[in-house]
Amino acid sequence: MAKIVYVEPTGEKYEVDVPEGHTLMDGARTGNVPGISADCGGACACATCHVYVDGAWVEKLPPAEDLEEDMLDFAPAVRPGVSRLTCQITVTDEMDGMQVELPER
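Described in the following lines is the structure provided in the data block. (Residues numbered from 1 in each chain as written. Predicted model: local features only at pLDDT ≥ 70, side-chain atom pairs only at ≥ 80, totals over all residues. Heavy atoms only, no water.)

## Re the side chain of serine 83
1) Next: Mapped onto the elements, serine 83 comes out in strand S4 (residues 83–85).
2) Next: Separated by 2.8 Å, the side chains of serine 83 and histidine 50 make a polar contact.
3) Next: Within the structure, the side chain of serine 83 is placed 2.7 Å from the backbone nitrogen of arginine 79, a separation counted as a polar contact.
4) Next: Other than its neighbours up to four places away in sequence, serine 83 contacts His50, Val51, Tyr52, Leu72, Ala77 and Val78. (Helix = DSSP H or I, 4+ residues; strand = E, 2+ residues; numbered from the N terminus. Polar contact = N/O pair within 3.5 Å; in protein donor to acceptor, adjacent residues only side chain to side chain. Contact = heavy atoms within 4.5 Å.)

What follows is the structure, given as structure tokens:
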């Protein structure tokens with residue numbers, strides 16, 4: 001299990017224990033993190049689970065696949081290199097302590 005820290009634009013933090021094999025999106029939903037609506041339920045068919053991955057973790061994650069990159073085109077305020085969809089990041093125990101920031105909208 002990994003503790004993931006979700007940070008709202010206001011600075012409020014939500015620390016959620018996410019089981020290995022679940023996605024960051026699953027963790028956000030389980031932890032009642034506001035701002036991640038995940039309208040498509042994790043099918044990578046929207047961008048409502050968009051976050052910014054903390055720079056210390058970007059290189060430790062598998063790169064975004066083409067479908068995720070395409071969906072990010074629909075997300076507001078994309079930051080190249082750190083914008084990701086939480087439905088596409090599967091948690092491992094090695095991600096313990098990872099922080100992601102939610103966009104303002």
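## Notes on the pattern of salt bridges
Where charged atoms of side chains with opposite charge meet at close range, the side chains can pair.
1) Next: Taken as a whole and judged by the stated rule, the model has 2 salt bridges.
2) Next: One salt bridge connects aspartate 17 with lysine 3, and the closest N-O pair in it is separated by 3.1 Å. With aspartate 17 in strand S2 (residues 13–18) and lysine 3 in strand S1 (residues 2–7), this pair connects stretches of sequence that are 14 residues apart. (Salt bridge = Lys/Arg side-chain N within 4 Å of Asp/Glu carboxyl O.)

## Comments concerning the nonpolar core
1) Next: In this structure, Ile4, Tyr6, Leu24, Ile36, Leu85, Met95 and Met98 are the most contacted members of the largest nonpolar core, which totals 30 residues.
2) Next: When residues of this core are traced back to their parent elements, those giving at least two are S1, S2, helix H1 (24–30), strand S3 (50–53) and helix H3 (66–72). (Core = buried A, V, L, I, M, F, W, Y, C linked by side-chain atoms within 4.5 Å. Buried < 20%, exposed > 50% of the residue type's maximum accessible area, 1.4 Å probe, protein only.)

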